[in-house]
Amino acid sequence: MASSVAKVVNRCEEATETKILNLSECELIQVPDAVYHLMRHTELKSCDLSGNVITKISPKFAVKFSLITDLNLSHNQMAKLPDELADLHSLKTLDISHNTFIALPPVVFKMPKLRELRANNNAIIDIDRDEIIASDSLEVVDLRHNPLTPMCHDLLKHARLSFRIELSEREKEDWEDLTI
């Protein structure tokens, strides 16, 4: 435990120089309040929280780190994101891969500059097509390795969108494979 705390403090000190906060693999269950305090005079450009056991991000994250352009939340245990993340007006890349999302968080479509969304390797079954098509800034959405319904997969595969969607090959359901 003490070594994890020291690791977080050291990485916060490094971030005051680099403007890149790397708190990956720190055994965090959330972003500690001490991090917000240590970073209060630093304009972060990037934040990496991957490889932890984080289940949720506090709404104050967007207030404290409002200028970040890159946010990595991959390899955690998140199933939702706070609406306040829409206030990350500079965010260009968001990685929520390898989590427990069953749907794309609606807030991702409210991030004005978001260009790349990595949502692969989650438990996403269906996508609200009205929301996904409404994004002006998105360039690529990675939805590979999600258990999308056959109907959703086909809709996304054939949808005319202003950005690229990356999908895995659809696994045929047992009843669809008549060669058994």
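Use the structure listed above.
This section reports on the structure supplied with the text. Predicted model only: the values in this text are computed from it and were never measured.

Section: the sheet that holds strand S6 (residues 140-142)
Taken in spatial order, the 7 strands make up an open sheet running S1-S2-S3-S4-S5-S6-S7, and their pairing is parallel. Either end of the sheet is taken by a strand with one partner, and the two such strands are strand S1 (20-22) and strand S7 (164-166). On average, each strand axis in the sheet is tilted by 5 degrees relative to the strand beside it, whichever way the strands run. Where S6 and S7 come together, 3 bridges link them in parallel fashion. Note that in S7 the partner of Asp142 across the bridge is Glu166.

Quick word on the environment of Val53
Considering the arrangement of structural elements, one finds Val53 in the loop between strand S2 (46-48) and helix H3 (60-64). Through-space distance from the C-alpha of Val53 to that of Asp87 is 24 Å; in sequence the pair is 34 residues apart. Setting aside residues up to four positions removed in sequence, Val53 forms contacts with Glu27, Leu28, Ile29, Asn76 and Gln77.

Re the nonpolar core
Judged by nonpolar contacts, the single largest core of 49 residues is most densely connected at Leu21, Phe61, Leu81 and Leu94. The set of elements that each furnish at least two residues to this core consists of helix H1 (2-18), helix H2 (33-38), H3 and helix H5 (150-158). Top element by residues in this core is H1. It accounts for 3 residues. If near-sequence neighbours (up to four positions away) are discounted, Leu21 is found in contact with Arg11, Cys12, Ala15, Val35, Met39, Leu44, Ser46, Cys47, Asp48 and Phe65.

Some details on the pattern of salt bridges
In the structure shown here, the tally under the stated rule is 7 salt bridges. Salt-bridge contacts for Asp33 lead to Lys60; the nearest nitrogen and oxygen are separated by 2.5 Å. Of this pair, Asp33 sits in helix H2 while Lys60 is found in helix H3, placing the two residues 27 residues apart along the sequence. For Asp33, a relative accessible area of 49% translates into the label partly exposed. With its nearest N and O atoms 3.7 Å apart, the salt bridge here joins Arg115 to Glu139. A residue pair is termed long-range when its members are at least 10 positions apart, and Arg115 in the loop between strand S4 (93-95) and strand S5 (116-118) and Glu139 in the loop between helix H4 (129-132) and S6 qualify at 24 residues. Owing to a relative accessible area of 49%, Glu139 belongs among the partly exposed residues under this scheme. By sharing partners, the salt bridges in this structure join Asp142, Arg144, Arg164 and Glu166 into a single network.

The rules behind the values
Residues numbered from 1 in each chain as written. Predicted model: local features only at pLDDT ≥ 70, side-chain atom pairs only at ≥ 80, totals over all residues. Heavy atoms only, no water. Pairing = 2+ DSSP bridges. Helix = DSSP H or I, 4+ residues; strand = E, 2+ residues; numbered from the N terminus. Axes fitted to C-alpha atoms, helices over the stretch in contact; angles between N-to-C directions. Contact = heavy atoms within 4.5 Å. Core = buried A, V, L, I, M, F, W, Y, C linked by side-chain atoms within 4.5 Å. Buried < 20%, exposed > 50% of the residue type's maximum accessible area, 1.4 Å probe, protein only. Salt bridge = Lys/Arg side-chain N within 4 Å of Asp/Glu carboxyl O.

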